[in-house]
Amino acid sequence: MPAIGENEFVWSGGSPATLVIPARALGYTWGWEPDLSWIAEETVFRVEPEIPSDDTKPGERTVARGRELVAQSLEGQTGGYVDDLLYRSKHLPPHNSDFGKKRVVFEVEDKVDYAEIEVFYPAEASNHPPGGRGCSGRFLIDINTFRLIACECNAHVEPENWFYYYSQVYGASDVWYAKGETTPYMLGLTCMGTRPGTGERVAQIYILPSTSPCRVALPGLEEAHSTHLLIPIFRCQNRTIEFTRRFLCVAGIHKFIAVVEHERVHKKMYDEGNLYPSDDSCPDRDNDGLCDRWEDENGIDSTTPQTVPPFPDSELVAYIISYGKVLDAKEKWKEDWATCGLQFGIPPSPFPWAYTDINAGNRSISPPQGNILKALPACR
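Residues numbered from 1 in each chain as written. Predicted model: local features only at pLDDT ≥ 70, side-chain atom pairs only at ≥ 80, totals over all residues. Heavy atoms only, no water.

### As for the nonpolar core
Now for step 1: Counting residues in hydrophobic clusters, the biggest one holds 91 residues, and the most contacted among them are W11, I21, L85, F234, I241, L248 and F256.
Now for step 2: For this core, the element with the most residues is helix α3 (residues 252-271), which contributes nine residues.
Now for step 3: Those residues in contact with W11 that sit more than four places away from it in its chain are A17, T18, L19, I51, P52, Y87, L92, P93, F99, V119, F120 and P122.
Now for step 4: Counting nine residues, the second-largest nonpolar core is a separate cluster that includes F139, I141, A178 and L208. (Core = buried A, V, L, I, M, F, W, Y, C linked by side-chain atoms within 4.5 Å. Buried < 20%, exposed > 50% of the residue type's maximum accessible area, 1.4 Å probe, protein only. Helix = DSSP H or I, 4+ residues; strand = E, 2+ residues; numbered from the N terminus. Contact = heavy atoms within 4.5 Å.)

Printed below as a string of C-alpha cells:
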C-alpha cells in the first residue's frame, strides 16, 4: 500500500458486511538471507481512527513472509488467521463518521509510519443498521400540473445506505425514503392532507430513489452529468424576479440536500396555511395554490400562476429558498462517503459543483451576475 495515493476501500453490500484493507511492509536485510520473523513479533498494524468490527480482530498479529511483513486478522468464525486487515459485522458501522479518512499505521519498536486511506460505504445497498425510515407504496404526481395523484405508504422497508447516512450528516430526521410505484425521475414528494377527526393540516416529505448519488436524475444529458441535479437560479432585475438561464449543477450529498430543502419549503408553507389554503381567509385568485396575501408579501405576483414562466409559483419559491440552503451547506461534501458520492473516484471538475446551462454545459465556477435570490421576500 503506497503512503500517498487514491487508497479507496469499500465495504461490501451484503450481510454480514466486510471490509478488507491490505497492510504489508517490506523489510531490507542488507544482503543477509531474509528472515524477518524476529521483527514480526514486534510489529503492529492498526487503523486510526478505529473501524468497528464485531466478528474479527483486525491486525491481531504480524507474520514474516520472505522480506515482507504481513498483517493478519483473527477470524471470529473459524478461530484462524487470515491475511490483511479484515473487518466483518452483521451490518455496516452505525455512524457516518465511521467512514472516511483513516491511517493504516505500521509500528515496530520505536518506529512509526502510516499510509492514508479512505473508507466508503456502498451507496445503493441497504445493509446499514436496522430501523431506518423507509416505506414502499405508490408515490405519483401529474408532471404537467405538479398535482398529487397518489401518496400511499403501504409497508416498511429499509432505506438505501446513501439515505441513511446522508440523513445523519444533514439532520434530515423529518423525511422518509420511499420506493415502489413512482413517477419517473421524480426525486422528492411532499404528501399533504388533514388528520381525520381534527382536520389538522399534516404533511410528510418522501425522498425517492432517483435522489441517489448513483441514479440518473437528468435523462438526456451526457453520462458524466446524468446523475446530477440542476437548480435554476433567479435574480431581481428592476424590482422583478427574472430567470438567469443558469443552473447550479450539484451531485452527491448536495443533490440530497437540494431535494430535502425543496420539499421542506412545500411542507412549511402547507403547515402554515399558505400553500393550498383551506378557507376563505386567504384567497387564491390565480389558482396557483398559494395564498395571494403571502405572495404579495414575498414578492411573488399574485395575479398569475407563473410569475416567471415556465415555473409554477410554488416551484419558483422552493427553488429560490433551496438554492440558498444548498449554498449554506457547501462544506458537507467533506462528509460524503458514499460510492458515487463527491469524494469517490475522480472528483467532478470544477469541485464540488458548477454553474451551467440547461444541458449541464458551459460550466463555470462563478455564479451569474446580479442580485441573485437566495431567500424570500424578493425584489422589495
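### Comments concerning helix α5 (residues 313-328)
Now for step 1: Over its 16 residues, α5 extends 23 Å from the first C-alpha to the last, a length consistent with the 22 Å expected when each residue adds 1.5 Å.
Now for step 2: Taken together, the buried positions of α5 are occupied by D313, S314, E315, L316, V317, A318, I320, S322, Y323, G324 and V326.
Now for step 3: Summarising the contacts, the buried residues of α5 are in contact with β16 (229-237), β17 (240-250), α3, α4 (292-297), β18 (354-356) and β19 (371-372). (Expected span 1.5 Å × (residues − 1).)

### Some thoughts on the packing of α3 against α5
Now for step 1: Running from N to C, α3 and α5 cross one another at 130°; their axes reach a closest spacing of 8 Å. Here α5 runs oblique to α3, going by the angle between their axes. As α3 runs across α5, the sense of the crossing is right-handed. In this structure, α3 uses H254, I257, A258, E261, H262, V265, H266 and M269 to contact α5, whose residues at the interface are S314, E315, V317, A318, Y319, I321, S322, K325 and V326.
Now for step 2: Its residues assigned to classes, the contact of α3 with α5 comprises nine nonpolar, five polar and three charged. (Axes fitted to C-alpha atoms, helices over the stretch in contact; angles between N-to-C directions. Parallel < 35°, antiparallel > 145°, perpendicular 65-115°, else oblique. Left-handed = near helix turned anticlockwise from the far one by under 90°. Nonpolar A, V, L, I, M, F, W, Y, C, P; charged D, E, K, R; others polar.)

### Some remarks on the confidence of the model for the chain
Now for step 1: With 96% of its residues at a pLDDT of 70 or more, the chain has an overall mean of 92.
Now for step 2: Of all secondary-structure elements in the chain, the lowest mean pLDDT belongs to helix α1 (residues 37-40), at 84, while helix α2 (residues 161-170) reaches the highest, 98. (pLDDT = per-residue confidence, 0-100.)

### Observations concerning the sheet that holds strand β12 (residues 148-156)
Pairing between the strands of a sheet is mediated by backbone hydrogen bonds and can be parallel or antiparallel.
Now for step 1: With mixed pairing, five strands are arranged side by side in an open sheet as β12-β11-β13-β15-β14. Each edge of the open sheet carries a strand with a single partner, namely β12 and β14 (188-194). Strand-to-strand twist across the sheet, computed as the mean angle between neighbouring axes with direction ignored, equals 40°.
Now for step 2: The sheet contact formed by strand β11 (residues 134-141) and β12 spans seven bridges and is antiparallel. Along β12, the bridge assignment pairs R138 with E152.
Now for step 3: Of the strands in this sheet, β13 (175-182) and β15 (201-207) touch α2, which is tilted by about 155° from β13. (Pairing = 2+ DSSP bridges.)

### Overview of the side chain of D286
Now for step 1: Mapped onto the secondary structure, D286 falls in the loop between α3 and α4.
Now for step 2: Put simply, D286 is tucked away with no salt bridge, and the nearest opposite charge, on R285, sits 7.6 Å away.
Now for step 3: One polar contact links the side chain of D286 to the main-chain amide nitrogen of T304, over a distance of 3.4 Å.
Now for step 4: With sequence-adjacent residues up to four places away left out, D286 is seen in contact with D292, E295, D301, S302, T303, T304, P305 and D313. (Lys, Arg positive; Asp, Glu negative; His and termini not counted. Salt bridge = Lys/Arg side-chain N within 4 Å of Asp/Glu carboxyl O. Polar contact = N/O pair within 3.5 Å; in protein donor to acceptor, adjacent residues only side chain to side chain.)

### Brief notes about the state of the cysteines
Now for step 1: Per the counting criterion, the structure on display carries five disulfides.
Now for step 2: Covalent S-S linkage joins C282 and C291, the inter-sulfur distance amounting to 1.4 Å.
Now for step 3: Here C291 falls in the buried class, since its relative accessible area comes to 0%.
Now for step 4: In the chain, the bonded cysteines, taken in the order they occur along the sequence, pair up as 1-3, 2-4, 5-9, 6-10, 7-8. (Disulfide = S-S within 2.5 Å.)

### As for the sheet that holds β17
Now for step 1: Taken in spatial order, the four strands line up as β18-β17-β16-β19 in an open sheet, and their pairing is antiparallel. The open sheet has two free edges, formed respectively by β18 and β19, since each of these has just one partner strand.
Now for step 2: Sheet analysis places β17 next to β18, joined by three bridges and oriented antiparallel. In the strand pairing of β18, L248 is matched with Y355.
Now for step 3: Packing of α3 onto the sheet brings it into contact with β16 and β17, and relative to β16 it is tilted by some 55°.

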